[in-house]
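Chain by chain, the residues:
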Amino acid sequence: MSEYYDEEFGELGLVIGDFNIPQRAADLPPQFKDLLVPNKVQYVFCTGNVGNRETQDWLKTLSGNTHFVKGDFDEVKDMPETKVVQIGSWKLVLVHGHQLVPHGDEESQYTFLKEMEGDVLITGHTGVAKVTAVEKKYIINPGSATGGFNGLQTSIPSFLILEFKKEKIQVFIYTLDGDVKIDKQELPLQK
């Protein structure tokens, strides 16, 4: 990230995961594919469970700065379980989430984030998009990109766009419930 921050526009990052293609879904919804095109974001953060090499390769076309972690159903051998990425003042910790027990538990996620000395935990596994503040730190989950969460529960297809600014991150939560809907949350930097 450059030393100069444009307060009007920041760098953009796509947060996406739990595709489970072809195991639980045939493909990404076409409404999302139309939105997610190359060179619109500077970063891609994938929380795992991509499902196939074609989807992984497609994600790499979206940005030259793509970060993957391994989900519990990914068979790629050279993918890390966790990854730490520094963007400006923000230290991001990326993990699928199946390693954190109980699954989706904010206390275990927060403990992990503190151990990693991060500001933002990017995690998946639950299939539900969520942004949470916990004691000056943030836990964000993009949900399932396809809605193909598991055989017991369906989820609404979703992903996140992060806009990184010097002292805050704007989070845009994209969901597909009939039409594409966008909600927005602001995460101020709290050190």
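Higher on the page you've got the structure.
Residues numbered from 1 in each chain as written. Predicted model: local features only at pLDDT ≥ 70, side-chain atom pairs only at ≥ 80, totals over all residues. Heavy atoms only, no water.

Observations regarding the packing of aromatic side chains
The full count for this structure, using the stated rule, is six aromatic pairs. Geometrically, the ring pair formed by Y43 and F164 is edge-to-face, given 6.1 Å between the ring centres and 75° between the ring planes. Of this pair, Y43 sits in strand β2 (residues 43-46) while F164 sits in strand β9 (residues 158-164), placing them 121 residues apart in sequence. Of the two residues, Y43 and F164, neither departs from the other in class, the shared state being buried. Among the aromatic residues, those joined into a cluster by ring pairs are F32, F159 and Y174. The ring of W58 carries K33 above its face, with NZ or CZ at 5.9 Å from the centroid. (Phe/Tyr/Trp six-rings, centres within 6.5 Å; stacked < 30°, edge-to-face > 60°. Helix = DSSP H or I, 4+ residues; strand = E, 2+ residues; numbered from the N terminus. Buried < 20%, exposed > 50% of the residue type's maximum accessible area, 1.4 Å probe, protein only. Lys NZ or Arg CZ within 6 Å of the ring centre and 35° of its normal.)

Digging into a nonpolar patch on the surface
Among the surface-exposed residues, L35, V180 and I182 lie close enough to one another that they form a single nonpolar patch of about 230 Å² accessible area. Topologically, L35 is positioned in helix α1 (residues 30-35). (Patch = residues over 30% accessible without salt bridge, like charges linked within 9 Å, V, L, I, M, F, W, Y side chains within 5 Å. Areas by Shrake-Rupley, 256 points an atom, 1.4 Å probe, with all protein chains shown as cover. Salt bridge = Lys/Arg side-chain N within 4 Å of Asp/Glu carboxyl O.)

Looking at the sheet that holds strand β3 (residues 66-68)
Read from one edge to the other, the open sheet built from six strands follows the order β3-β2-β1-β9-β10-β11, with strand pairing classed as mixed. Looking at the sheet topology across the chains shown, the edges are occupied by β3 and β11 (179-188). Going from strand to strand, the sheet's axes swing by 20° on average, the running direction of each strand aside. Of the pairings in the sheet, the one linking β9 to strand β10 (residues 168-177) comprises seven bridges and is antiparallel in character. The partner of L160 across the bridge, within β10, is I173. (Pairing = 2+ DSSP bridges. Axes fitted to C-alpha atoms, helices over the stretch in contact; angles between N-to-C directions.)

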